[in-house]
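Close look at the chain arrangement
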Amino acid sequence: MKYFLLSTDNCVPCRHARNFLRNTTLDWRTMYLHIEPQLFETLNIKTTPTLVNGNNTVVAVGLTNIVEYVNGLTWFDVSETIVGEEE
């Protein structure tokens, strides 16, 4: 599953969140308020950093919650491949 880190330009916790996410296997990218303001408005985002999943659901707000959320993910949470039954 793809994740989006919602951020602003000069957000220090956002920089720490990006550094943390770079050291994970999570499929993510950063979305900035000044580039994608409609996304922030649609999701009613008032605080950064905020982590959103590919279904546009807010899953964690703030650096501490993002770290806790990502550390609690399993392979099944982030894999887009469903392992089928043997025939």
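Each remark here, short or long, concerns the structure printed above.
Below or above, wherever it landed, is the structure these notes cover. (Residues numbered from 1 in each chain as written. Predicted model: local features only at pLDDT ≥ 70, side-chain atom pairs only at ≥ 80, totals over all residues. Heavy atoms only, no water.)

Moving on, we come to the sheet that holds strand 2 (residues 27–32). Strand order in the open sheet formed by four strands is 2-1-3-4, with mixed pairing between adjacent strands. Edge positions in the open sheet fall to strand 2 and strand 4 (58–61), since each of these has one partner strand only. Strand after strand, the sheet turns through a mean of 25 degrees between neighbouring axes, direction not considered. As judged from the six bridges shared by strand 1 (residues 2–7) and strand 2, these two strands associate in the parallel manner. Pairing of Leu-6 across the sheet is with Met-31, part of strand 2. In this fold helix 1 (residues 12–22) packs onto strand 1, strand 2 and strand 3 (50–53), with an angle of close to 160 degrees to the strand it touches most, strand 1. Lying over the sheet, helix 3 (residues 63–71) contacts strand 1, strand 3 and strand 4, oriented at roughly 130 degrees with respect to strand 4. (Pairing = 2+ DSSP bridges. Helix = DSSP H or I, 4+ residues; strand = E, 2+ residues; numbered from the N terminus. Axes fitted to C-alpha atoms, helices over the stretch in contact; angles between N-to-C directions. Contact = heavy atoms within 4.5 Å.)

Right, let's get into the packing of aromatic side chains. Under the defined criterion, the tally for this structure stands at one aromatic pair. A centroid spacing of 6.2 Å and a plane angle of 65 degrees characterise the contact between Tyr-3 and Tyr-69, whose relative ring orientation is edge-to-face. Here Tyr-69 lies in helix 3 and Tyr-3 lies in strand 1, a separation of 66 residues in the sequence. The class of Tyr-69 is partly exposed, set by a relative accessible area of 24%. (Phe/Tyr/Trp six-rings, centres within 6.5 Å; stacked < 30°, edge-to-face > 60°. Buried < 20%, exposed > 50% of the residue type's maximum accessible area, 1.4 Å probe, protein only.)

A few words now on unusual backbone geometry. That bond from Thr-48 to Pro-49 is cis: its omega, 0 degrees, falls within 30 degrees of zero. Mapped onto the elements of the fold, Pro-49 is located in the loop between helix 2 (37–42) and strand 3. Backbone geometry places Asn-56, a non-glycine residue, at a positive phi of 60 degrees. Inspection of the secondary structure assignment puts Asn-56 in the loop between strand 3 and strand 4.

What follows is about the packing of helix 1 against helix 3. The axes of two packed helices give the description: the angle between them and the distance between them. At their nearest, the axes of helix 1 and helix 3 sit 9 Å apart, and the two run at 15 degrees to each other. One finds that helix 1 runs roughly parallel with respect to helix 3. For the crossing formed where helix 1 meets helix 3, the hand is right-handed. Contacts from Pro-13, His-16, Ala-17, Phe-20 and Leu-21 in helix 1 reach Leu-63, Ile-66, Val-67, Val-70 and Asn-71 in helix 3. Residue classes in the contact of helix 1 with helix 3 are distributed as eight nonpolar, two polar and no charged. (Parallel < 35°, antiparallel > 145°, perpendicular 65-115°, else oblique. Left-handed = near helix turned anticlockwise from the far one by under 90°. Nonpolar A, V, L, I, M, F, W, Y, C, P; charged D, E, K, R; others polar.)

In this structure, Tyr-3, Leu-5, Ala-17, Leu-21, Leu-26, Trp-28, Leu-51, Ala-60, Ile-66, Val-70 and Leu-73 together form the largest nonpolar core, which totals 11 residues. Contributing elements (two or more residues each) for this core: strand 1, helix 1 and helix 3. One finds Phe-40, Leu-43, Ile-45 and Val-52 within the second-largest nonpolar core, a separate group that totals eight residues. (Core = buried A, V, L, I, M, F, W, Y, C linked by side-chain atoms within 4.5 Å.)

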